[in-house]
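Architecture and fold: a report
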Amino acid sequence: MTGVSDGKPPGSVEGRLEAKRRRVLESARKHFMHGGFADTGIETVARDARVSTATLYDLFPGKTQLFHAVIEDAGTDFSRRIAEVTSREP
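The notes below deal with the structure included here.

Structural notes on helix α4 (residues 63-88)
The terminal C-alpha atoms of α4, which comprises 26 residues, lie 38 Å apart, in line with the 38 Å expected from a rise of 1.5 Å per residue. Along α4, the positions that sit buried rather than exposed are L66, A69, V70, D73 and D77. Against α1 (13-35), α2 (42-49) and α3 (53-59) lie the buried residues of α4.

Observations concerning the packing of aromatic side chains
The tally for this structure, following the rule as stated, stands at three aromatic pairs. A centroid spacing of 5.0 Å and a plane angle of 90° characterise the contact between F32 and F67, whose relative ring orientation is edge-to-face. On the criterion of sequence distance, the pair formed by F32 in helix α1 and F67 in helix α4 is long-range, its members being 35 residues apart. For F67, a relative accessible area of 29% puts it in the partly exposed group. Members of the aromatic cluster, connected to one another through ring pairs, are F32, F37 and F67.

Concerning the layout of surface pockets
A volume near 300 Å³ is recorded for the largest pocket. Lining the largest pocket are R21, R22, L25, E26, R29, A69, E72, D73, T76, D77, R80 and R81. Take the lining of the largest pocket: its biggest share by element is seven residues, from α4. Its residues assigned to classes, the lining of the largest pocket comprises two nonpolar, one polar and nine charged.

Considerations on α2
Within α2 the residues assigned to the buried category are I42, V45, A46 and A49. Around the axis of α2, the buried residues are gathered within 100° of arc, so they sit on the same side. Those residues of α2 hidden inside the fold are in contact with α1, α3 and α4. Just past α2, the residue R50 takes up positive phi, approximately 65°.

Topic: the packing of α1 against α2
Running from amino to carboxyl end, α1 crosses α2 at an angle of 125°, the nearest separation of the two axes being 8 Å. Considering their axes alone, α1 and α2 lie oblique with respect to each other. In this structure, α1 crosses over α2, and the sense of that crossing is right-handed. Each of R23, V24, S27, A28, K30 and H31 in α1 lies in contact with α2, whose residues at this interface are T44, V45, D48 and A49.

What counts as what
- Residues numbered from 1 in each chain as written.
- Predicted model: local features only at pLDDT ≥ 70, side-chain atom pairs only at ≥ 80, totals over all residues.
- Heavy atoms only, no water.
- Helix = DSSP H or I, 4+ residues; strand = E, 2+ residues; numbered from the N terminus.
- Expected span 1.5 Å × (residues − 1).
- Buried < 20%, exposed > 50% of the residue type's maximum accessible area, 1.4 Å probe, protein only.
- Contact = heavy atoms within 4.5 Å.
- Phe/Tyr/Trp six-rings, centres within 6.5 Å; stacked < 30°, edge-to-face > 60°.
- 1 Å grid on protein atoms, 1.4 Å probe; cavity = no way out; pocket = protein on both sides within 12 Å on 5 of 7 lines; lining within 4 Å.
- Points joined across faces, edges and corners; volume = space filled by probe spheres on them.
- Nonpolar A, V, L, I, M, F, W, Y, C, P; charged D, E, K, R; others polar.
- Arc of directions from axis to C-beta.
- Axes fitted to C-alpha atoms, helices over the stretch in contact; angles between N-to-C directions.
- Parallel < 35°, antiparallel > 145°, perpendicular 65-115°, else oblique.
- Left-handed = near helix turned anticlockwise from the far one by under 90°.

What follows is the structure in C-alpha cells.
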C-alpha cells in the first residue's frame, strides 16, 4: 500500500503511528485467531509487529482493549468487503 493512509501522510509522525497501529492489529488478529485470547501474549504480538511492548501499550492499554480493537477492525473490514460485493451485483 502506498500513498496516504487514513488521510495521514506516510512519512509524518501520525502516518508512522498509524502504520504501527495497523501492524499491531494485523499481528494480533493472526495470533488471536491461531492461539486464542488466553494463549496470545502481548510480547509476541509486539515482536511480530516489529514494535516495542511500550509502543504497543501506548496504542492499546491492555490485551483486552487490543482484542476489542481487533474485533472492531475485523467487523469494519467485513462490512467494507460486503459493500464492495453488493455494489457489483446487478
